[in-house]
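Listed here are the chains, written in short residue letters.
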Amino acid sequence: MHDKIKKSSNYFNFDDYKQISSIKKPFDKEFLEFFVGFTEGDGSFIVSSDKYDKQRCFFIITQKDPRILYYIRGKLGFGTVSFYKTYSRYIVAGTKSNENIHKLINIFNGNLILDKTNSRFITWLTAANIEGVEYKGSLDLDSFNDNGWLAGFTSADGHFSVSKIIDKRYSLGYRVRLRFILDQKGELSFFSNLKRNFLPTSHVGTRNSSRDMFRFTCTHLLDLSKIIEYFDRYSLRSSKTIDYVRMAYALALSIKHTQKGVNNVSVAVVNKKDVPI
């Protein structure tokens, strides 16, 4: 891990990528924000060495559902999607010219938020050894609700939970608990920033007995409403949309109704019946 990671700016900047003449796809800033977030959740910057110690860069995203990988490949216009027994991978491999690696560098450089991702990217960038390209620093984002990064990160690593909790105060003997959850090893400063600048009623704590595995949990109706508004604007673009819609439906009912409405949420959502998806 690199001890000191300098900060670049507090907003996304894809000007270097936009100016590449070989890019044939329309420029889509919201997708690029999503793609960076998704990469910080599930992407890998890999450097391999052959027997002559010659280094080669690879960029890989692994997913069970290949549809999101085909979507990313279609939006970027390069890379390949490969199938394995239980998963699929989007792969961009380094070549002699490193043309596509250079494109990815221009997307990620200065736009990565997490410390661990920046540390791995620095190693990857050094191995790519592209003339005139230097590391710009990490992104010190001060707003999460006006860009697509959190949608991408959540699509990779987030969870929307609707569950029944025993509670004798209610006529059916239980209530519904709605939760938005993010888990990350390390990255306490990121979760603190997300709490401070977007979801102030959320809770940040360690998961189980681990000291460096942190869980970000949001259960308060006020912040859950913010989350629904956000994902209505910035799509998850993956199968997690189903779980999101269930939680949004449950939240709408719990806000609209009193005890009877909450019980209706239990029947419709927890049992996964009559829920629009």
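Predicted, not measured: the structure shown is a model, and the values here were computed from it. (Residues numbered from 1 in each chain as written. Predicted model: local features only at pLDDT ≥ 70, side-chain atom pairs only at ≥ 80, totals over all residues. Heavy atoms only, no water.)

**Description of the sheet that holds strand β6 (residues 174–185)**
Within a sheet, each strand pairs with its neighbour through backbone hydrogen bonds, oriented either parallel or antiparallel. Cut-off, in case you're wondering: Whether two strands pair depends on DSSP finding at least two bridges between them. Put simply, DSSP marks the helices as runs of H or I at least four residues long and the strands as runs of E at least two long, and each gets a number from the N terminus on. Axis definition: a line fit to C-alpha positions, over the contact stretch in the case of helices; interaxial angles, taken between N-to-C directions, run 0 to 180 degrees. Whether two residues touch is decided by their heavy atoms; if any such pair falls within 4.5 Å, the residues are in contact.
What the four strands build is an open sheet, ordered β5-β6-β8-β7; its pairing is antiparallel. Each having just a single partner strand, β5 (158–166) and β7 (203–206) make up the two edges of the open sheet. Sheet twist, expressed as the mean angle between neighbouring strand axes with direction ignored, is 30°. In the packing of helix α6 (residues 149–157) onto the sheet, the strands contacted are β5 and β6, and the crossing angle to β6 comes to about 100°.

**Comments concerning the packing of helix α2 (residues 29–42) against helix α3 (residues 66–76)**
We apply this condition: The labels follow the angle: roughly parallel below 35 degrees, roughly antiparallel above 145, roughly perpendicular from 65 to 115, and oblique for the rest. Less than a right angle of anticlockwise turn of the near helix away from the far helix marks a crossing as left-handed, whereas a clockwise turn marks it as right-handed. Basically, the charged four are Asp, Glu, Lys and Arg, the nonpolar ten are Ala, Val, Leu, Ile, Met, Phe, Trp, Tyr, Cys and Pro, and anything else, Gly included, counts as polar.
One can describe the packing of α2 onto α3 by two numbers: an axis separation of 12 Å at closest approach and a directional angle of 135°. In terms of axis orientation, α2 runs oblique to α3. Here the hand of the crossing between α2 and α3 comes out left-handed. Contacts from Phe31, Leu32, Phe34, Phe35 and Phe38 in α2 reach Ile68, Tyr71, Ile72, Lys75 and Leu76 in α3. The residue inventory of the contact of α2 with α3, partitioned by class, reads nine nonpolar, no polar and one charged.

**Concerning the sheet that holds strand β3 (residues 80–83)**
Strand order in the open sheet formed by four strands is β1-β2-β4-β3, and the pairing between neighbours is antiparallel. Looking along the sheet, the strands with just one partner apiece sit at the ends: β1 (43–49) and β3. Neighbour-to-neighbour, the strand axes of the sheet open up by a mean angle of 30°, direction not taken into account. The sheet contact formed by β1 and strand β2 (residues 55–63) spans seven bridges and is antiparallel. Bridging from a neighbouring strand, Gly43 pairs with Ile61 of β2.

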